[in-house]
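Close look at the chain arrangement
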Amino acid sequence: MAAIIGLTGGIGAGKTTVAQVFKTLGIPVFNADEVAKELMQTSPLIKTQLLTTFGEKVYTANGELDKTYLAGIVFKDPYQLELLNAIVHPVTIQAAKDWAAIQTSPYVIKEAALIFESAAAEGLTGVIGVSAPSSLRIQRVMKRDACSKIEVEQRMRHQISDTIKLKLCDWVIENNDQDLIIPQVLKIQEAILAQLATS
Ligand code: ATP
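The present account deals with the structure reproduced in this document. Residue positions are given per chain, counting from 1 as you read along its sequence in written order. Where local features are concerned, this predicted model is filtered to residues with pLDDT of at least 70; where side-chain atom pairs are given and counted, the filter is 80 or more; whole-chain, interface and lining totals use all residues. Based on all heavy atoms of the structure, the side-chain values leave hydrogens and waters out of the count.

**Considering the site of the ligand**
The criterion, for reference: Whether a residue is near a molecule or strand depends on its heavy atoms: it is near if one of them lies within 4 Å of it. Polar contacts, as used here, are pairs of N or O atoms within 3.5 Å; protein pairs need one atom able to donate a hydrogen and one able to accept it. Residues neighboring in sequence count only if both atoms are side-chain atoms. Note on areas: Shrake-Rupley, 1.4 Å probe, and residue coverage restricted to the protein chains presented here. Secondary structure elements follow DSSP: runs of H or I of four or more residues count as helices, runs of E of two or more count as strands, with numbering from the N terminus. Residues are grouped as follows: Ala, Val, Leu, Ile, Met, Phe, Trp, Tyr, Cys and Pro are nonpolar; Asp, Glu, Lys and Arg are charged; every other residue, Gly included, is polar.
Close contacts around the ligand come from Gly10, Ile11, Gly12, Ala13, Gly14, Lys15, Thr16, Thr17, Glu111, Arg140, Arg144 and Asn175, and that covers them all. Between the ligand and the protein, one listed contact pairs an oxygen atom with a side-chain N or O atom of Lys15 at 2.6 Å. In the environment of the ligand, an oxygen atom lies 2.7 Å from a nitrogen or oxygen atom belonging to the side chain of Arg144. About the coverage of the ligand: the protein hides 67% of its 620 Å² of free accessible area. Those elements that provide at least two residues to the shell around the ligand are α1 (15-24) and α6 (134-145). Among the elements that line the shell around the ligand, the one with the most residues is α1, at three residues. Residue composition of the shell around the ligand, grouped by class: two nonpolar, six polar and four charged.

**Here we look at empty space enclosed by the protein**
Put simply, the rule reads: Two kinds of site are reported from a 1 Å grid over the protein atoms alone, namely cavities, where a 1.4 Å probe fits but cannot get out, and pockets, open sets with protein on both sides within 12 Å along at least five of seven lines, and residues are called lining when an atom falls within 4 Å of a point. Grid points are joined across faces, edges and corners, and a volume is the space filled by probe spheres set on the points.
If you walk through the whole model with that rule in mind, you get one cavity of 30 Å³ or more. In this model, the largest cavity occupies a volume close to 60 Å³. Forming the boundary of the largest cavity are Ile4, Ile93, Ala96, Lys97, Lys110, Ala120, Glu122, Gly123 and Leu124. Looking at which element gives the most residues to the lining of the largest cavity, the answer is helix α5 (residues 78-101), with three residues.

**Re the sheet that holds strand β4 (residues 126-131)**
Rules: For two strands to be treated as a pair, DSSP must find at least two bridges joining them. As a rule, the C-alpha atoms of each element are fitted with a line to give its axis, helices using only the stretch in contact, and angles between N-to-C directions run from 0 to 180 degrees. Should any heavy atoms of two residues lie within 4.5 Å, those residues are counted as being in contact.
Across the sheet, which stays open at both edges, the five strands sit in the order β2-β3-β1-β4-β5 with parallel pairing between neighbours. The sheet is open, and its two borders are formed by β2 (29-31) and β5 (171-174), each paired with just one other strand. Direction aside, the axes of adjacent strands within the sheet are offset by 25 degrees on average. Pairing between β4 and β5: four bridges, direction parallel. Bridge assignment links Ser131 to a residue of β5, and that residue is Glu174. On top of the sheet, helix α2 (residues 32-42) reaches β2 and β3 (107-111); it is set at about 50 degrees to β2, its chief contact.

**Structural notes on α1**
Note the threshold: Each residue gets one of three labels from its accessible area relative to the maximum for its type: buried under 20%, exposed over 50%, partly exposed in between, using a 1.4 Å probe on protein chains only. The arc in question is traced by the directions running from the helix axis to the C-beta atoms.
Every buried residue belonging to α1 is among Lys15, Val18, Ala19, Val21 and Phe22, and all of these are buried. Angular distribution of buried residues about the axis of α1 spans 150 degrees; they occupy a single face of the element. Close packing links the buried residues of α1 with β1 (3-9), β2, β3, β4, β5 and α9 (181-198). Phi turns positive one or two residues past the end of α1, at Gly26, with a value near 90 degrees.

**Here's the deal with the packing of α6 against helix α7 (residues 149-156)**
Threshold: Roughly parallel refers to an angle under 35 degrees, roughly antiparallel to one over 145, roughly perpendicular to one between 65 and 115, and oblique to any angle outside these ranges. Should the near helix be turned anticlockwise from the far one by less than a right angle, the crossing is left-handed, and should it be turned clockwise, the crossing is right-handed.
At a minimum axis distance of 9 Å, the contact between α6 and α7 shows a crossing angle of 120 degrees. The orientation of α6 with respect to α7, classified from their angle, is oblique. α7 is crossed by α6, and the crossing has right-handed handedness. Contacts from Ser134, Arg137, Ile138, Val141, Met142 and Asp145 of α6 reach α7 at Lys149, Val152, Glu153, Arg155 and Met156. Along the lines of polarity and charge, the residues of the contact of α6 with α7 split into five nonpolar, one polar and five charged.

**Considering the pattern of salt bridges**
Inclusion rule: Only one rule defines a salt bridge in this text: a Lys or Arg side-chain nitrogen within 4 Å of an Asp or Glu carboxyl oxygen.
Tallying each qualifying case throughout the model produces four salt bridges. Among the ionic pairs, Asp145 bridges to Arg144, the shortest N-O distance being 2.8 Å. Under the relative-accessibility criterion, Arg144 is labelled exposed at 57%. With a shortest N-O distance of 3.9 Å, Glu153 and Lys149 are connected by a salt bridge. Linking Glu153 with Lys149, this pair stays in helix α7, spanning four residues, or about one helical turn. The class of Glu153 is partly exposed, set by a relative accessible area of 29%. Judged by its relative accessible area of 45%, Lys149 is partly exposed.

Geometric values such as these leave the question of function open.
Below, the structure is given as structure tokens:
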């Protein structure tokens with residue numbers, strides 16, 4: 001089984017951008033947030049639990065997840081968001097483990113917005129954090145998702161502060177307007193491979 005290295009950071013910090021660099025180095029990437037969205041559509045266990053917890057309206061008449069309806073519930077109430085995460089995270093964590101078990105590269109990257117907030121940190125060999133000033137993160141997400149500053153700030157409030165998150169990481173990539181990403185990724189890859197060679 002390939003060692004799993006977590007890749008995390010606040011909304012708009014640049015996780016997917018950094019993950020792309022690892023992909024070009026031939027490192028497989030598991031995008032936990034995307035897989036979680038797929039699983040909400042395909043996992044019978046998640047479907048049953050979402051229906052029981054949030055009601056029939058969570059899925060439309062043709063069986064599609066009604067993301068707007070669900071977002072309307074969970075982004076207004078932290079308790080409901082916790083419930084949603086408690087339903088989706090365990091299945092996603094297991095999917096990542098199953099996926100890593102069949103990879104042949106020395107290590108793989110698991111990209112996830114929430115790692116320290118759930119049991120996702122368990123079983124990881126290390127965690128890389130992506131850091132960017134919040135003003136830049138807001139600008140990037142407003143441009144990428146064509147949304148308002150208020151909407152981005154609302155999403156940011158549901159994540160633990162970057163200062164805490166980054167302190168828990170083994171490596172941090174600065175993704176601002178000055179530092180280049182590729183040399184930082186290469187240096188971290190060297191450290192990961194050195195760590196794996198001694199373990
Ligand atoms: P989310 O948590 O919302 O999924 P993320 O951490 O994965 O975000 P990205 O999607 O990688 O962040 O980056 C957010 C936006 O900022 C994207 O449109 C991306 O192209 C852009 N971006 C990221 N890093 C840089 C950079 N160094 N220079 C210019 N644009 C960047």
